[in-house]
Amino acid sequence: MRVTLVTHGGLAAPVLAGLPPDVVDTHALSESAAAELSRLVAAAVPATAEAAGDPEPRRHAPDAMSYSIKVEEGGHSSVLVQSDTDMSPEFAALLRWLKEHVARE
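Conventions we followed
- Residues numbered from 1 in each chain as written.
- Predicted model: local features only at pLDDT ≥ 70, side-chain atom pairs only at ≥ 80, totals over all residues.
- Heavy atoms only, no water.
- Helix = DSSP H or I, 4+ residues; strand = E, 2+ residues; numbered from the N terminus.
- Buried < 20%, exposed > 50% of the residue type's maximum accessible area, 1.4 Å probe, protein only.
- Contact = heavy atoms within 4.5 Å.
- Polar contact = N/O pair within 3.5 Å; in protein donor to acceptor, adjacent residues only side chain to side chain.
- Core = buried A, V, L, I, M, F, W, Y, C linked by side-chain atoms within 4.5 Å.
- Pairing = 2+ DSSP bridges.

When helices and strands are tallied, the chain shows 3 helices and 4 strands. Helices (α) and strands (β) of the chain occur, in sequence order from the N terminus, as β-α-β-α-β-β-α. Within the chain, buried positions represent 33% of all 105 residues. A sequence separation of at least 24 residues applies to 63% of the contacts in the chain between residues at least 6 apart.

Structure below.
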């Protein structure tokens, strides 16, 4: 599985625009880290779909960051998108894990 994180917006938008996306490939991880990433992705996918179908209006936050997480596995891909103002706990856990593991590489 290959997971790509792209961050948009916020006060750091001009700096982030020039940076490449962060990528984590499970082939480069330990077996336990790869299993944890798979578990987090599996939890975040339905939570993101539920949030997308939520009719509640979102809070407007001009400086909020938004995050796109692309998951590629077995010839299939999906993109999870959430922001600081409407992030599910499952998406937040996946985002936190990705940021911690990309920083180590």
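Next up on the list: the side chain of Ser 68. Mapped onto the fold, Ser 68 is located in strand E3 (residues 65–73). On the basis of relative accessibility, which here comes to 18%, the residue Ser 68 falls in the buried class. Engagement of the side chain of Ser 68 in a polar contact is seen with the side chain of His 8, the distance being 3.5 Å. Excluding its chain neighbours within four sequence positions, the residues that come into contact with Ser 68 are Thr 4, Leu 5, Val 6, His 8, Val 79, Leu 80 and Val 81.

Turning next to the environment of Ala 43. Along the polypeptide, Ala 43 turns up in helix H2 (residues 31–52). Under the relative-accessibility criterion, Ala 43 is labelled partly exposed at 31%. Residues Ala 43 and Leu 94, spaced 51 residues apart in sequence, show a C-alpha to C-alpha distance of 8.6 Å.

So, about the nonpolar core. Soluble globular proteins: nonpolar side chains tend toward being buried together. If you look at the biggest cluster of nonpolar residues, it comprises 22 residues, and the most contacted ones within it are Leu 37, Ile 69, Leu 94, Trp 97 and Leu 98. Going through the elements one at a time, strand E1 (2–9), H2, E3 and helix H3 (89–104) are the ones with two or more residues in this core.

On to the pairing of E3. Remark: a regular strand shows side chains that alternate across the two faces of the sheet. Sheet topology note: the E1/E3 ladder contains 8 bridges and is antiparallel. Within the sheet, the bridge partner assigned to Thr 4 lies in E3 and is Lys 70. Connecting E3 to the next strand, strand E4 (residues 76–83), in antiparallel fashion are 2 residues, including Gly 74 with a positive phi near 60°.

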